[in-house]
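Residue strings, one per chain:
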Amino acid sequence: MGLSDTITVTISYTDSDLGLAVESSLRLYRLEGSSWVTQGITSTLSVAGNLLTAIIDRLGRFAALAETNRVIMPVAFKALAGGW
């Protein structure tokens, strides 16, 4: 259900809040069923000001989400002579 007008939401954050997140990919998402979507949301990011501003056209459950640079590498173990 949409709103009769839009709402502007501004979220401030620190660099340490980001953890492994890629700051330039930070956007506001809304939970729709079991999926996070950006439909009906216009996000603007100020990297210098550490501000995420979004205009939303409906109410719901929201989250600021971003991609990460996390890399998972496989680990191989070699059995030692005589066992572990």
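These notes cover the structure that comes with them. Since the model is a prediction, treat every value here as computed from it, not as a measurement.

Thresholds applied
Residues numbered from 1 in each chain as written. Predicted model: local features only at pLDDT ≥ 70, side-chain atom pairs only at ≥ 80, totals over all residues. Heavy atoms only, no water. Helix = DSSP H or I, 4+ residues; strand = E, 2+ residues; numbered from the N terminus. Contact = heavy atoms within 4.5 Å. Polar contact = N/O pair within 3.5 Å; in protein donor to acceptor, adjacent residues only side chain to side chain. Salt bridge = Lys/Arg side-chain N within 4 Å of Asp/Glu carboxyl O. Core = buried A, V, L, I, M, F, W, Y, C linked by side-chain atoms within 4.5 Å. Buried < 20%, exposed > 50% of the residue type's maximum accessible area, 1.4 Å probe, protein only. Pairing = 2+ DSSP bridges. Axes fitted to C-alpha atoms, helices over the stretch in contact; angles between N-to-C directions.

Let us now look at unusual backbone geometry. Peptide bonds are, in most cases, trans, and in most cases residues other than glycine have a negative phi. Of note in this structure, asparagine 50 is not a glycine but carries a positive phi near 55 degrees. Note on placement: asparagine 50 falls in the loop between strand E4 (41–46) and strand E5 (51–58).

With respect to the secondary-structure elements, glutamine 39 resides in the loop between strand E3 (35–37) and E4. Expressed as a C-alpha distance, the spacing of glutamine 39 and arginine 58, which sit 19 residues apart in the sequence, is 9.9 Å. Among all residues touching glutamine 39, those that are not within four sequence positions of it are Arg30 and Glu32.

Take the environment of tyrosine 13 next. Here tyrosine 13 shows up in the loop between strand E1 (2–12) and helix H1 (15–18). Spatially, the C-alpha atoms of tyrosine 13 and glycine 49 are 9.0 Å apart, while their sequence positions differ by 36 residues. The contacts of tyrosine 13, once residues within four sequence positions are left out, are Leu18, Glu23, Leu26, Leu45, Ser46, Val47, Asn50, Leu51 and Leu52. Among the polar contacts made by the side chain of tyrosine 13, one reaches the side chain of glutamate 23 at a distance of 2.7 Å.

Moving on, we get to the pattern of salt bridges. Taken as a whole and assessed by the stated rule, the structure comprises two salt bridges. Residue arginine 30 pairs with glutamate 32 through a salt bridge whose shortest N-O separation is 2.6 Å.

With that settled, consider the nonpolar core. Within the largest apolar cluster, eight residues are counted, these being Tyr13, Leu18, Leu26, Leu28, Ile41, Leu52, Ala54 and Ile56. The greatest single-element share of this core, amounting to three residues, is contributed by E5. With near-sequence residues (within four places) excluded, leucine 28 lies in contact with Ile11, Thr38, Ile41, Ser43, Leu52, Ala54, Ile56, Phe62, Ala63 and Ala64.

The next thing to look at is the sheet that holds strand E2 (residues 27–32). One open sheet accounts for three strands, arranged E3-E2-E6; its pairing is antiparallel. Taken across any chain shown, the strands that pair with only one partner, and hence form the sheet edges, are E3 and strand E6 (62–65). On average, each strand axis in the sheet is tilted by 45 degrees relative to the strand beside it, whichever way the strands run. Strand direction decides the pairing type here: E2 and E3, joined by three bridges, are antiparallel.

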